[in-house]
Amino acid sequence: MKQLNAEWREKLRLHQEWLSSRGKTGQQLWAEDADFSEVDLSGMNLSEVQLPGVKLDGATLRNTDLFSANLASASLVGADLTGAMLNKATLDYALCEKAILRDAQLIRSSLLETNLRHADLTNTDLRSAYLAETNLEHAILRGAHLDHASLNHVCLVGTDLRGAIGLGTVLS
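Below is a short write-up of the structure. (Residues numbered from 1 in each chain as written. Predicted model: local features only at pLDDT ≥ 70, side-chain atom pairs only at ≥ 80, totals over all residues. Heavy atoms only, no water.)

Concerning the environment of Val154
Tracing the chain through its elements places Val154 in the segment after α1 (6-20). Remark: the alpha-carbon pair of Val154 and Ile165, spanning eleven residues in sequence, is separated by 17 Å. Aside from chain neighbours lying at most four places away, what touches Val154 is Leu131, Glu133, Thr134 and Leu136. (Helix = DSSP H or I, 4+ residues; strand = E, 2+ residues; numbered from the N terminus. Contact = heavy atoms within 4.5 Å.)

Observations concerning the nonpolar core
Core analysis: the largest hydrophobic core is formed by 50 residues, its most contacted members being Phe36, Leu56, Leu71, Leu76, Leu81, Leu86 and Leu91. Residues in contact with Leu91, not counting those within four places in the same chain, are Leu71, Ala72, Leu76, Leu86, Cys96, Leu106, Ser110, Leu111 and Thr114. (Core = buried A, V, L, I, M, F, W, Y, C linked by side-chain atoms within 4.5 Å. Buried < 20%, exposed > 50% of the residue type's maximum accessible area, 1.4 Å probe, protein only.)

Remarks on α1
Here α1 is 15 residues long and its end C-alpha atoms lie 21 Å apart, about the 21 Å a rise of 1.5 Å per residue gives. Just beyond α1, the residue with positive phi is Arg22, at close to 55°. (Expected span 1.5 Å × (residues − 1).)

Some remarks on the environment of Ala94
Along the chain, Ala94 falls in the segment after α1. Using a relative accessible area of 2% as the deciding quantity, one classes Ala94 as buried. In this structure, Ala94 is in contact with Leu71, Ser73, Ala74, Glu113, Thr114 and Asn115, ignoring residues within four places of it in sequence.

Structural notes on the pattern of salt bridges
Applying the stated criterion across every chain yields a total of ten salt bridges. Close ionic contact of Lys11 with Glu7 constitutes a salt bridge, the shortest N to O distance being 3.3 Å. Of the two residues, Lys11 and Glu7 are both situated in helix α1; the distance of four residues between them amounts to about one turn of the helix. On the basis of relative accessibility, which here comes to 29%, the residue Lys11 falls in the partly exposed class. A salt bridge links Asp160 to Arg162, with the shortest nitrogen-to-oxygen separation between them at 2.7 Å. Classification of Asp160 by relative accessible area gives buried; the value is 12%. (Salt bridge = Lys/Arg side-chain N within 4 Å of Asp/Glu carboxyl O.)

Laid out in structure tokens, this is it:
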């Protein structure tokens, strides 16, 4: 795993301060197109970060709070987001091939045209998520919660949906 440099550690500290003060002090983290590949950000509170186009390939974000985060067009190839909280997050056009999202929460998240090919979404909560035109080819969604998820024009070739919950309520 790579370590964050002092500048990024300070930006993360300022983001924590911004969250704690509800925006009165500190600074919201904006890092468009930054490279955080192979960095361990596990357990951090990264709610409301703005990371469009960021590169998180091979990164570890286990149990990380990414509530309402902007990860549009991000690359998370092989990233480990086990137990991550991504409720109301934006992952439109993101590249998440082979990402591990086991037990993650993506309630009311937007994943428009996201590539989740070969991703592991076992027991992931996707209630009311927007997955239109998403590529779920050969993804694992065993035990995933799909109540009221929007799956318009989704590629499900080879997708493992055994034990998935709420398939009868999926919007297509």
